[in-house]
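# Structural overview
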Amino acid sequence: MMTEYLRGQMAKMANVNMETLRYYEELGLISTPLRSEAGYRLYSEEALSRLTFIHNAKLCGFTLKEIKKALLKSESSGISIDDFVNVVDKKMDKVRNEIVKQEVKLAALEDLRRNLLAADKHPGVQSTLEILKMES
């Protein structure tokens, strides 16, 4: 006998809200659940596994569109480990590039902070303070 879960139980076990379950269903990320005689949605263990996969993929920075593409490809032609490693490598490069961009922003903010607190302020900072009607 296959274990089945009601929507509230599934949402709690997968750590998502019930609307997310419905949304993932609409997107085709999880299959439409069977219904009980009373009309309640009944989710399978497979749905829980897919929800766990989706959660982990999102933690790695994959979008729902990318996740759906991977799930569809795995169902039709399958995905080799090499293909998956290539996708992961590309995602890692993207994350590294984002980190560099964020480090540039952080350095600019640190520079701004230092200039704001400096006794002899940079002329650009001084004019910014005047525009913002701040005392220097």
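You'll find the structure just up there.
Just so you know, these numbers come straight off a predicted model, no measurement behind them.

### With respect to the nonpolar core
- The biggest cluster of nonpolar side chains holds 17 residues, and the ones touching the most others in it are M10, L21, I30, L51 and I67.
- Listed by contribution, the elements that provide at least two residues to this core are α1 (7–14), α2 (18–27), α3 (45–59) and α4 (64–76).
- Counting residues per element, this core draws most heavily on α3, which supplies 5 residues.
- Residues within four places of I67 in sequence aside, it is in contact with L29, F53, I54, A57, K58 and F62.

### Regarding the packing of α1 against α2
- Viewed as axis vectors pointing N to C, α1 and α2 meet at an angle of 95 degrees, and their least axial separation amounts to 9 Å. With respect to each other, α1 and α2 are oriented roughly perpendicular. Between α1, through R7, G8, M10 and A11, and α2, the contact on the second element is made entirely by M18, L21 and R22.
- Across the contact of α1 with α2, the residue classes tally to 4 nonpolar, 1 polar and 2 charged.

Rules of the game
The residue numbering used here restarts from 1 in each chain and proceeds along that chain's sequence as written. Local features in this predicted model are restricted to residues whose pLDDT is 70 or higher, and side-chain atom pairs enter the listing and the counts only when it is 80 or higher, whereas totals over whole chains, interfaces and linings include all residues. Hydrogens and water molecules were not included; the side-chain quantities draw on all heavy atoms of the structure. What we call a nonpolar core is a set of buried Ala, Val, Leu, Ile, Met, Phe, Trp, Tyr and Cys residues that are connected through their side-chain atoms within 4.5 Å. A simple rule labels every residue: compare its accessible area, found with a 1.4 Å probe on the protein chains alone, to the largest value its type can have, and call it buried under 20%, exposed over 50%, or partly exposed in between. A run of H or I in DSSP counts as a helix once it spans at least four residues, and a run of E counts as a strand once it spans at least two, with each numbered from the N terminus. Throughout, a contact is declared for two residues whenever any of their heavy atoms are within 4.5 Å. In this analysis, axes come from line fits to C-alpha atoms, helices being fitted only over the stretch in contact, and the angle between any two N-to-C directions falls in the range 0 to 180 degrees. These descriptions rest on fixed angle ranges, namely under 35 degrees for roughly parallel, over 145 for roughly antiparallel, 65 to 115 for roughly perpendicular, and the rest for oblique. Just so you know the grouping, Ala, Val, Leu, Ile, Met, Phe, Trp, Tyr, Cys and Pro go in nonpolar, Asp, Glu, Lys and Arg go in charged, and all remaining residues, Gly too, go in polar.

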